[in-house]
Amino acid sequence: MAILVDESTRVLVQGITGSEGRFHTKVMLDYGTKVVAGVTPGKGGEKVYGVPVYNFVEEAVEEHPEINSSIVFVPAKFAADAVFEAIEAKLNPIVVITEHIPVSDSLEFVNYARMKGIKIIGPNCPGAISPGKTKVGILPAKLFTKGGVGIVSRSGTLTYEIADAITKAKLGQSTCVGIGGDPIIGLDFIEVIKMFEKDPETKGVVIIGEIGGDMEEKLAEYITKKGVTKPVVAYIAGRTAPPGKRMGHAGAIVAMGKGSAESKLEALKEAGVPVAEIPSQIAELMKRTLTQ
Amino acid sequence: MKLHEFEAKKIFSEHGIPVPNGKVASNPEETEEIAREIGKPVMLKSQVLVAGRGKAGGIIKVKNPEGAYTTAKKLFGMKIKGLQVKKLLVEEELKITKELYLSLTVDRSARKYVFLASSEGGMEIEKLAAEKPEKIVKVAINPLVGIKEFQVRKIIQRMGLQEYFKQVRGIIKAFKEIASRYDCELVESNPLVLTEEREIVAADARIIIDDNSLFRHQQFQRRFEEERGEMTQLELTALKEGFSYVDLEGSVGVIANGAGLTMASMDLVAKFGGKPANFLDIGGGASAERVRKAVEIQLRNPKVRGVLVNILGGITRCDEVAKGLIEALEEVKIQKPIIIRMQGTREEEGRKILKEAGISYLDTMEEAAKKIVEVVKGVSD
């Protein structure tokens, strides 16, 4: 099992001829990800590490009907167009790595994808990995190992940090999903946690949140109202961030009185979710809750 | 990117939203002249990109052109929250019978645009939301569908403006048009007012454009690069180098890769009793050159008493980080303690480089944060 990406995932890389697309195509292939084809307008007919490149998503899918998901490395100016193209081809999920996409663009493709029942991971995210199965993203695979902890995070490197600690604690991960650091993103915490609930391989879930928005508060509300059967632990970054300033991620901003770390910590604690004070505690907390 | 009030009002006016009669002045003489043209009491409004201008004394009512001159002289010499007043918006004083609130913004969790409206305006919307949430109506707008008539009706009814339906409807529609045309994070009028002449006028106007969309709005892009409102000089320098950087109050410089990890590093410094001087995210895959620049920015900052470097290499390579660090130390020659935590891609190579240069490193971010706090405390005592 695992969620979102697994052995059956067949990947299309959009923006495959750019430096990031090229580099990560290689890294994904080395990991064993089934990268089937790539798309860059105007570069049809080329090959990238043996992967054929097409001008249109439609062409790629006609030639390789097994393609079922996409990863987007297309620069921000053109990224929305690429995502719409993937939605029209019914690829699911679509992982959007690109940072700096205008919010108005994300609002459109995220709503369109939801209407069509297609899952968008990102934008501005590291993608997803199901260790031992596949990786559709840019996460450094050697920090991950197959196991029972699901991780869902708004951050990149902080996810690697915590995944590494979980690996070292011999717990391992079922799937790690970086849902993105932008204000408008596709999948949210609640949707991913619902998937982890249904996944038999996942024994517990780690939430890595940060300041900005109210996704953590909404998750806490969901846990309080609906309940979850699997243990959930959390870490929230940005306790020392000043209001009104964007902390690296476009979405990491305490604005209009909303999105502070305190509000998130309080909501999660009220929902009975243990929150780690420092990142390395996550592994301990998870171990403790899993053995209880 | 925040627009000045006068810029926002120009856009409002171009979209048919009534704004007070007024003009922008760059000196006391111009201020006097505009006041004379208007021919009645005017408001002098400092054009600085900070919240709370009014409370800080940046908005003053004057009765006549002579008064406008002397008051303008004072205002032009003033700094409001650290920002020099360079422009005044000189506007007719409105005869207001009611203050209202209207804005269009993005609802992150609903993934929609949202209109916020209230029959009570003038005070901060955050305050209103906390004290009288029942006074605010929220109407979500699907970006693929746009605003529908029933939504317009709902907003107008809740604002209590049925009598002025046509006028307000025009304003609501214009807000949506402005938001789409300029990729806005916020279009706001607080207060939107009803005047004695029974007109609805945007007494104040705020527009925030999404920074990521500026490539579509060349007319603002240059201004954005020249003048970034509340940013400090250090923030500007770091931004020019392409770093995510935020100035803070403390003494520990923080460098890490990735926004989440950098925030977590700051939080750890605070947790162990220190205070972060800043947030510097070098991003993914930084070269030695970028690392050198990041370390230099820290060393040259007089507030920084010590630097924490926290690298977890994924696409970032530890050997590049180590090289950049050493180059910076050789070049800058400012002695400040640096504590390094480095792990991940090319860790061995990176550590070897540091060892050969006689620089020590730690394995975990907790150890490193604890250590830098101890060291910096030692320096300041």
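Caption draft 1: Focus on the overall build of chain A. In terms of helices and strands, chain A carries nine helices and 13 strands. Taken against the 2.2 N^0.38 rule, which gives 19 Å for 292 residues, the C-alpha radius of gyration of chain A at 18 Å falls within 12% of a compact globule. Projected onto its principal axes, the C-alpha coordinates of chain A cover approximately 55 × 40 × 30 Å. For chain A, buried positions account for 64% of its 292 residues. Counting only contacts in chain A whose residues sit at least 6 apart along the sequence, the fraction spanning at least 24 positions is 74%. A total accessible area of about 10700 Å² is found for chain A, and carbon and sulfur atoms account for 54% of it. Across chain A, 33 positive and 34 negative side-chain charges occur, with their mean positions spaced 5 Å apart.

Caption draft 2: Highlighting the interface of chain B and chain A. Between chain B and chain A, the contact holds 48 residues from the first and 64 residues from the second. Together chain B and chain A conceal approximately 4300 Å² of surface at their shared face, both sides included; 59% is due to carbon and sulfur atoms. Of all residues in chain B, Arg-108, Arg-111 and Met-263 of chain B give up the largest surface area on contact with chain A, accounting jointly for 19% of the area buried on that side. Linking chain B with chain A are seven salt bridges, by the criterion used here. Two residues, Arg-111 of chain B and Glu-191 of chain A, come together in a salt bridge whose shortest N-O distance is 3.5 Å. At the junction of chain B and chain A, the tally comes to 22 residue pairs in polar contact (both at pLDDT 80 or more). A total of ten residues in the side of chain B that touches chain A trace back to one element, the largest contributor, which is helix 9 (residues 259–271) of chain B. Each residue belonging to the side of chain B that touches chain A can be placed in one class, and the counts come to 21 nonpolar, twelve polar and 15 charged.

Caption draft 3: Summary view of the packing of aromatic side chains. Across all of its chains, the model carries three aromatic pairs over all chains by this definition. Geometrically, the ring pair formed by Phe-12 of chain B and Phe-175 of chain B is tilted, given 5.4 Å between the ring centres and 50° between the ring planes. In this pair, Phe-12 of chain B is assigned in helix 1 (residues 5–14) and Phe-175 of chain B in helix 6 (residues 165–182), connecting sequence segments 163 residues apart. With respect to class, Phe-12 of chain B is no different from Phe-175 of chain B; both count as buried. The ring of Tyr-49 of chain A carries the charged tip of Lys-26 of chain A above its face, separated from the ring centre by 5.9 Å. Between the NZ or CZ atom of Lys-176 of chain B and the centre of the ring of Tyr-113 of chain B, over which it lies, the distance is 4.8 Å.

Caption draft 4: The arrangement of the side chain of Arg-341 of chain B in detail. Tracing the backbone shows Arg-341 of chain B in strand 17 (residues 338–344). Here the side chain of Arg-341 of chain B touches Glu-161 of chain A through a polar contact of 2.8 Å, side chain to side chain. Sequence-distant contacts of Arg-341 of chain B, that is, excluding residues within four places in its chain, are made with Glu-161 of chain A together with Val-309, Asn-310, Ile-311, Leu-312, Leu-362, Asp-363, Thr-364, Met-365 and Ala-368 of chain B.

Caption draft 5: Focus on the sheet that holds strand 16 (residues 306–313) of chain B. Residues and elements named next belong to chain B. Read from one edge of the open sheet, five strands run 13-15-14-16-17, paired in mixed fashion. One side of each edge strand has no neighbouring strand; the edge strands of this open sheet are strand 13 (244–247) and strand 17. For this sheet the average axis-to-axis angle between neighbouring strands, irrespective of direction, equals 10°. Where strand 16 lies against strand 17, seven bridges are found, and the strand directions are parallel. Of the residues in strand 17, the one forming a bridge with Gly-313 is Gly-344. Its contacts with the sheet place helix 11 (residues 318–332) against strand 16 and strand 17, and it is angled at close to 160° to strand 17.

Caption draft 6: Structural view of the pairing of strand 1 (residues 10–14) of chain A. Residue and element names in this part refer to chain A. Within strand 1, four of the five residues are buried, which leaves the element mostly enclosed by the surrounding structure. Of the pairings in the sheet, the one linking strand 1 to strand 2 (residues 34–39) comprises five bridges and is parallel in character. Looking across to strand 2, one finds that Val-13 is bridged to Gly-38. What joins strand 1 to strand 2 is helix 1 (residues 19–31), and the crossover it makes is right-handed. Bridge analysis of strand 1 against strand 5 (residues 69–72) gives four bridges, and the strand direction is parallel. Across the sheet, Gln-14 pairs through a bridge with Val-72, a residue of strand 5.

Caption draft 7: Layout of the sheet that holds strand 3 (residues 59–62) of chain B. Residue and element names in this part refer to chain B. The four strands are arranged 1-6-2-3 in an open sheet whose pairing can be described as antiparallel. At either margin of the open sheet sits one strand with a lone partner, and together these are strand 1 (22–25) and strand 3. Strand after strand, the sheet turns through a mean of 20° between neighbouring axes, direction not considered. Inspection of the sheet shows strand 2 (residues 42–46) paired to strand 6 (residues 88–92) by five bridges, in the antiparallel sense. Counterpart to Ser-46 in the pairing with strand 6 is Leu-88. Where helix 1 meets the sheet, it contacts strand 1, strand 2 and strand 6, and its direction lies at approximately 50° from that of strand 6.

Reading the values: the criteria
Residues numbered from 1 in each chain as written. Chains lettered and ligands numbered in written order. Predicted model: local features only at pLDDT ≥ 70, side-chain atom pairs only at ≥ 80, totals over all residues. Heavy atoms only, no water. Helix = DSSP H or I, 4+ residues; strand = E, 2+ residues; numbered from the N terminus. Rg over C-alpha atoms; globule rule 2.2 N^0.38 Å. Buried < 20%, exposed > 50% of the residue type's maximum accessible area, 1.4 Å probe, protein only. Contact = heavy atoms within 4.5 Å. Areas by Shrake-Rupley, 256 points an atom, 1.4 Å probe, with all protein chains shown as cover. Lys, Arg positive; Asp, Glu negative; His and termini not counted. Charge placed at Lys NZ, Arg CZ, Asp CG, Glu CD. Buried area = accessible area lost by both parts, 1.4 Å probe. Salt bridge = Lys/Arg side-chain N within 4 Å of Asp/Glu carboxyl O. Polar contact = N/O pair within 3.5 Å; in protein donor to acceptor, adjacent residues only side chain to side chain. Nonpolar A, V, L, I, M, F, W, Y, C, P; charged D, E, K, R; others polar. Phe/Tyr/Trp six-rings, centres within 6.5 Å; stacked < 30°, edge-to-face > 60°. Lys NZ or Arg CZ within 6 Å of the ring centre and 35° of its normal. Pairing = 2+ DSSP bridges. Axes fitted to C-alpha atoms, helices over the stretch in contact; angles between N-to-C directions. Right-handed = clockwise from strand over helix to strand, strands pointing away.

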